[in-house]
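What follows is each chain in one-letter form.
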Number of protein chains: 2
Amino acid sequence: MCANAQTLSSGLEDYIEAIYIAHINNIPLKGADLARKLNISRASVSEALSKLVAKELIKYNSYETISLTKTGIEEAKKVYAKHHILKDFFETVLDINSDEAGENACKIEHIISQNILDKMSNFTEFYKKHKKRIETFKKEI
Amino acid sequence: MCANAQTLSSGLEDYIEAIYIAHINNIPLKGADLARKLNISRASVSEALSKLVAKELIKYNSYETISLTKTGIEEAKKVYAKHHILKDFFETVLDINSDEAGENACKIEHIISQNILDKMSNFTEFYKKHKKRIETFKKEI
DNA sequence: AAATATTGTAAGGCATGCCTAACACTTTGT
DNA sequence: ACAAAGTGTTAGGCATGCCTTACAATATTT
């Protein structure tokens, strides 16, 4: 078996997602920052970063800022999109607050099927479009 | 730390759910049956059953049929209800086929918050009630 | 009742993913 | 430039949850 991943473990997905969020916000990120952000020891982060380097998803040298490779960005976008679809659905359709929606999205994003996500995304868009009308139905007795 | 659980690991929830399904269908279930059903070795099932016995969720003696305690039934019902809410939502609202809905429910049921499940359940009921009308919106351009 | 099949368990392993402690290296502040 | 603070790595551990192999105990078949 080669070291390059076809699939990322749920843990590694969390790492790459956090790296991506820093990336799109132009926030320089080191291992120790990641450890603080994810509430994980520096040692564990160090291991995880080595794996991501081995999979060629990030570039990283000790004491420098972590950066994503092209593949890394693609992978991260996928993970982030999943997160967003779930969070948006929870907030928009189920009226869940932002924190709870985010926490649940974080966990579910790693295991839900792409097909369901696609349908969920469509449904949220549909719901937004017709929200007013649909919600009048809720007031009926 | 005492051996009795406040929370069940996702694995143990799967075991107890399978045991519950046999229970409500009056199907006698032994460890080896469970192993076949869950595609897990007899050795691993044996370990898991010991844990469930320790937590007083099942009664079990070698070579006999597994049965649930009162607490076990309560726990199982909770897990099973979660499963059902998710599956029903996927099928009814997102129009996912039974297999895919079930597989995803199996994984998500262990991690989603009760609050979201409650809202999801309400939403599914609401959707069923107004399905016809809501779906006419989908045909609009 | 004996042979065969099934079931259960124990021992030892493996992978994942986290931890702490200790140490090494780098950066920063004075 | 040097001390202090911050960062990274290694080693050794632990827990979970699965595996295979080998054996023990029970059930079933003939």
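Only a predicted model underlies this, so the values are computations on that prediction, with no experimental measurement involved. Counting from 1, residues in each chain are numbered in the order their sequence is written. As a convention, the first chain written is A and the first ligand written is 1, with the rest following in written order. Since the coordinates come from a predicted model, pLDDT governs what is reported: local features require at least 70, and pairs of side-chain atoms require 80 or more to be given and counted, while whole-chain, interface and lining totals use all residues. To get the side-chain values, take all heavy atoms of the structure and skip hydrogens and water.

S.K.: What is the right way to read the overall build of chain A from this model?
M.R.: Helix and strand assignments follow DSSP, with helices taken as H or I runs no shorter than four residues and strands as E runs no shorter than two, numbered in order from the N terminus. Per the secondary structure count, chain A includes six helices and two strands. Each helix (α) and strand (β) of chain A, taken in turn from the N terminus, gives the series α-α-α-β-β-α-α-α. Counting only C-alpha atoms, chain A reaches 65 × 30 × 25 Å along its principal axes. For chain A, buried positions account for 40% of its 141 residues. Contacts are assigned to residue pairs that have any heavy atoms within 4.5 Å of one another. Put simply, 57% of the contacts in chain A that link residues at least 6 apart link residues at least 24 apart. Taken as two groups, the 21 positive and 20 negative side-chain charges of chain A have centres that lie 3 Å from each other. Remark: exposure states derive from per-residue accessible area (1.4 Å probe, protein chains only) relative to the maximum for the residue type, with buried under 20%, exposed over 50%, and partly exposed in between. Counting rule for charge: Lys and Arg are taken as positive, Asp and Glu as negative, and neither His nor the chain ends is counted. The atoms used to mark charge sites are NZ of Lys, CZ of Arg, CG of Asp and CD of Glu.

S.K.: Please explain the relation of the copies chain A and chain B as it appears in this structure.
M.R.: What relates the two chain copies is a rotation about an axis together with a slide along it. With an axial shift of 0.0 Å and an RMSD of 0.0 Å, the rotation relating chain A to chain B amounts to 180°. What the superposition gives is, in effect, a two-fold axis relating one chain to the other. Taken together, the interface assignments show that 100% of the residues at the interface of chain A recur at the interface of chain B, consistent with an identical surface on both copies. For the least-squares superposition of copies, only C-alpha atoms count, and only for residues with pLDDT at least 70 in both.

S.K.: Help me understand the protein's contact with DNA strand C, please; the structure alone is not making it clear to me.
M.R.: Residues in contact with DNA strand C amount to 20 residues; listed here are only the nearest, Ser41 and Ser44 of chain A together with Ala32, Ser46 and Ser62 of chain B. Residues are counted as near a molecule or strand when any one of their heavy atoms sits within 4 Å of it. Within 4 Å of the protein, atoms of DNA strand C come from sugar and phosphate in 59% of cases. Lys51 of chain A is positioned such that a nitrogen or oxygen atom in its side chain is 3.5 Å from a phosphate oxygen of DNA strand C. With respect to DNA strand C, the side chain of Ser46 of chain B contributes an N or O atom lying 2.6 Å from a phosphate oxygen. Among the elements of the structure, α3 (42-54) of chain A together with α2 (31-38) and α3 (42-54) of chain B are those that each provide at least two residues to the surface near DNA strand C. For the surface near DNA strand C, the element with the highest residue contribution is α3 of chain A, accounting for four residues. Residue classes follow a fixed rule: Ala, Val, Leu, Ile, Met, Phe, Trp, Tyr, Cys and Pro count as nonpolar, while Asp, Glu, Lys and Arg count as charged, and any other residue, Gly among them, counts as polar. Counted by class, the surface near DNA strand C contains eight nonpolar, seven polar and five charged residues. Under this definition, polar contacts are N or O atom pairs within 3.5 Å; protein pairs additionally need one hydrogen-donor-capable and one acceptor-capable atom, and for neighbouring residues in sequence, both atoms have to be side-chain atoms.

S.K.: Help me understand the pattern of salt bridges in this model?
M.R.: Between side chains of opposite charge, a pair can form when the charged atoms approach closely. Residues and elements named next belong to chain A. By definition here, a salt bridge exists when the distance from a side-chain nitrogen of Lys or Arg to a carboxyl oxygen of Asp or Glu is within 4 Å. Applying the stated criterion to the full structure yields ten salt bridges over all chains. Ionic pairing is found between Glu91 and Lys87, a salt bridge with its closest N-O pair at 3.1 Å. Of this pair, Glu91 and Lys87 both sit in helix α4 (residues 70-92), four residues apart, roughly one helical turn. Given a relative accessible area of 27%, Glu91 falls into the partly exposed group. Salt-bridge contacts for Asp88 lead to Lys128; the nearest nitrogen and oxygen are separated by 2.9 Å.

S.K.: It is not clear to me how the protein's contact with DNA strand D should be interpreted in this structure. Could you clarify?
M.R.: Surveying the vicinity of DNA strand D reveals 20 residues, the closest of which are Ala32, Ser46 and Ser62 of chain A together with Ser41 and Ser44 of chain B. Counted by atom, the contact set of DNA strand D within 4 Å of the protein is 59% sugar and phosphate. Note that a phosphate oxygen of DNA strand D is positioned 3.3 Å from one of the backbone N or O atoms of Gly31 of chain A. Separating a base oxygen of DNA strand D from a side-chain N or O atom of Arg42 of chain A is a distance of 2.9 Å. If you list the elements that add at least two residues to the surface near DNA strand D, you get α2 (31-38) and α3 of chain A together with α3 of chain B. By residue number, the principal contributor to the surface near DNA strand D is α3 of chain B, which donates four residues. Across the surface near DNA strand D, the residue classes break down as eight nonpolar, seven polar and five charged.

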